[in-house]
Amino acid sequence: MNESLTTRLHRFAVARFSPQEQFGLHLTLGVLALLLAMAGFARLADEVVNGAPITALDLRLANWLHIHAHASTALRNFLLVVTELHSTPGMLALTALAGWWLVRVDARHWMLTLVAAVPGGMLLNVAMKHTFERARPHFDEPILTLSTYSFPSGHTVAATLFYGVLACYLTRHAHSWAARAAIVLAACAMVLLVAGSRLYLGAHYLSDVLAGMLEGCAWLAICVTGVSTLRRRQAARAGRGAASEH
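Residues numbered from 1 in each chain as written. Predicted model: local features only at pLDDT ≥ 70, side-chain atom pairs only at ≥ 80, totals over all residues. Heavy atoms only, no water.

Novice: Give me the side chain of Thr 160: which residues, what numbers.
Specialist: Take Thr 160: it is sitting in helix α7 (residues 154–173). If near-sequence neighbours (up to four positions away) are discounted, Thr 160 is found in contact with Val 191, Gly 212, Met 213, Gly 216, Cys 217 and Leu 220. (Helix = DSSP H or I, 4+ residues; strand = E, 2+ residues; numbered from the N terminus. Contact = heavy atoms within 4.5 Å.)

Structure (structure tokens):
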């Protein structure tokens, strides 16, 4: 009996780390990424709600960036373009364009992942904002005036999801580790650029954009892992059906 249980546990463990299994390595990594992102988000949210030292850093950084934003017209205008491109209409347009391209290259499961991740994550973020109801940074001479809540940053969530899905798809089709690293770095750079634009323009605090990244990573893990598992199950069923016909 002990040997049978040990054997079963060993098979279960091996299956969880097998790249070929329906519920194998991709699911294990997805769950791990989800748990880490959720833990980080919960810790950060708790610190914001309870006025931990990060909230004092939020205020100091926001005031310092606001002074510099009024002094640099060229950078401010560039970041206004970046932030407008990654607004809700901009992200929906980019998602539609990327979805069309994924259909064209016959990557329909990735198109489903993109649609579930970006619009779905944006709706989730609205719910999060109304849960925490944190006011945005306030200045006497604001660059942007927004009436919505601040925590977490919706622009950062959407950018994390959009560039995260594209990075996941492109790395699977890259032919070298150098290319994969370049793709991941480019995606991270775009997310940081969007997050930085929100900070520089006074629309968010540092903790807002950090929470947006963590929220985006958690939802990205759910969407990528979920659709990948669905695809693997469909492939396995198709394989069993073909085998039974013979």
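Novice: Just give me the short version of the pattern of salt bridges, but keep the residues and values in it.
Specialist: Side-chain pairs of opposite charge can arise where the charged atoms are in close proximity. In the structure shown here, the tally under the stated rule is three salt bridges. Ionic pairing is found between Glu 47 and Arg 43, a salt bridge with its closest N-O pair at 3.2 Å. Taken as a pair, Glu 47 and Arg 43 lie in helix α2 (residues 25–49) at a separation of four residues, close to a single helical turn. On the basis of relative accessible area, Arg 43 is assigned to the exposed category, the value being 57%. (Salt bridge = Lys/Arg side-chain N within 4 Å of Asp/Glu carboxyl O. Buried < 20%, exposed > 50% of the residue type's maximum accessible area, 1.4 Å probe, protein only.)

Novice: Just give me the short version of the state of the cysteines, but keep the residues and values in it.
Specialist: Using the criterion set out here, one finds zero disulfides in the structure. With no disulfide of its own, Cys 168 has Cys 217 as its nearest cysteine by sulfur position, at a separation of 9.7 Å. (Disulfide = S-S within 2.5 Å.)

Novice: Could you give an account of the nonpolar core, with specific residues and numbers?
Specialist: Nonpolar side chains tend to gather and get buried jointly when the protein is soluble and globular. Core analysis: the largest hydrophobic core is formed by 28 residues, its most contacted members being Trp 110, Leu 114 and Phe 162. If you list the elements that add at least two residues to this core, you get α5 (88–104), α6 (108–132), α7, α8 (177–200) and α9 (206–245). Counting residues per element, this core draws most heavily on α7, which supplies 10 residues. If sequence neighbours within four positions are ignored, Phe 162 has contacts with Met 91, Leu 94, Thr 95, Ala 98, Leu 114 and Val 118. (Core = buried A, V, L, I, M, F, W, Y, C linked by side-chain atoms within 4.5 Å.)

Novice: Tell me what's going on with the packing of aromatic side chains, and back it up with residues and numbers.
Specialist: Taken as a whole and assessed by the stated rule, the structure comprises six aromatic pairs. A centroid spacing of 5.9 Å and a plane angle of 35 degrees characterise the contact between Phe 41 and Phe 151, whose relative ring orientation is tilted. In this pair, Phe 41 is assigned in helix α2 and Phe 151 in the loop between α6 and α7, connecting sequence segments 110 residues apart. One aromatic cluster in this structure is built from Phe 41, Phe 132 and Phe 151. Stacked on the ring of Trp 177, the Lys or Arg Arg 180 has its end atom at 4.8 Å from the ring centre. (Phe/Tyr/Trp six-rings, centres within 6.5 Å; stacked < 30°, edge-to-face > 60°. Lys NZ or Arg CZ within 6 Å of the ring centre and 35° of its normal.)

Novice: Give me the lowdown on the environment of Val 184, citing residues and values where you can.
Specialist: Mapping Val 184 onto the fold places it in helix α8. Note on Val 184: relative accessible area 39%, which makes it partly exposed. C-alpha of Val 184 to C-alpha of Leu 166: the two residues are 18 residues apart in sequence and 9.5 Å apart in space.

Novice: So what's going on with helix α4 (residues 73–85)? Which residues, and what values?
Specialist: Compared with the 18 Å implied by 1.5 Å per residue over 13 residues, the 18 Å span of α4 between its first and last C-alpha is a close match. Buried residues in α4 make contact with α3 (53–71), α7 and α8. (Expected span 1.5 Å × (residues − 1).)

Novice: Now, about α3: what can you tell me, with residues and values included?
Specialist: Helix length check: α3 (19 residues) gives 28 Å between terminal C-alpha atoms against 27 Å at 1.5 Å per residue, within 8%. Residues Ile 54, Thr 55, Asp 58, Ala 62, Leu 65, His 66 and Ala 69 constitute the buried set of α3. Down the axis of α3, the buried side of the element spans an arc of 110 degrees, and every buried residue falls inside it. α3 presents Pro 53, Arg 60, Ile 67 and Ala 71 as exposed residues on the side facing more than 90 degrees away from its buried surface. (Arc of directions from axis to C-beta.)

Novice: Can you break down the environment of Val 82 residue by residue, with the values?
Specialist: With respect to the helices and strands, Val 82 occurs in helix α4. Between the C-alpha atoms of Val 82 and Ala 195, which are 113 residues apart in sequence, the distance is 9.9 Å.

Novice: Before we move on, could you go through the environment of His 70 and cite the residues and values that matter?
Specialist: Looking at the secondary structure, you find His 70 in helix α3. Once the C-alpha coordinates of His 70 and Leu 201 are considered, the two residues, 131 residues apart in sequence, prove to be 9.2 Å apart. With sequence-adjacent residues up to four places away left out, His 70 is seen in contact with Arg 76, Glu 141 and Ile 143.

By themselves these figures say nothing about function.
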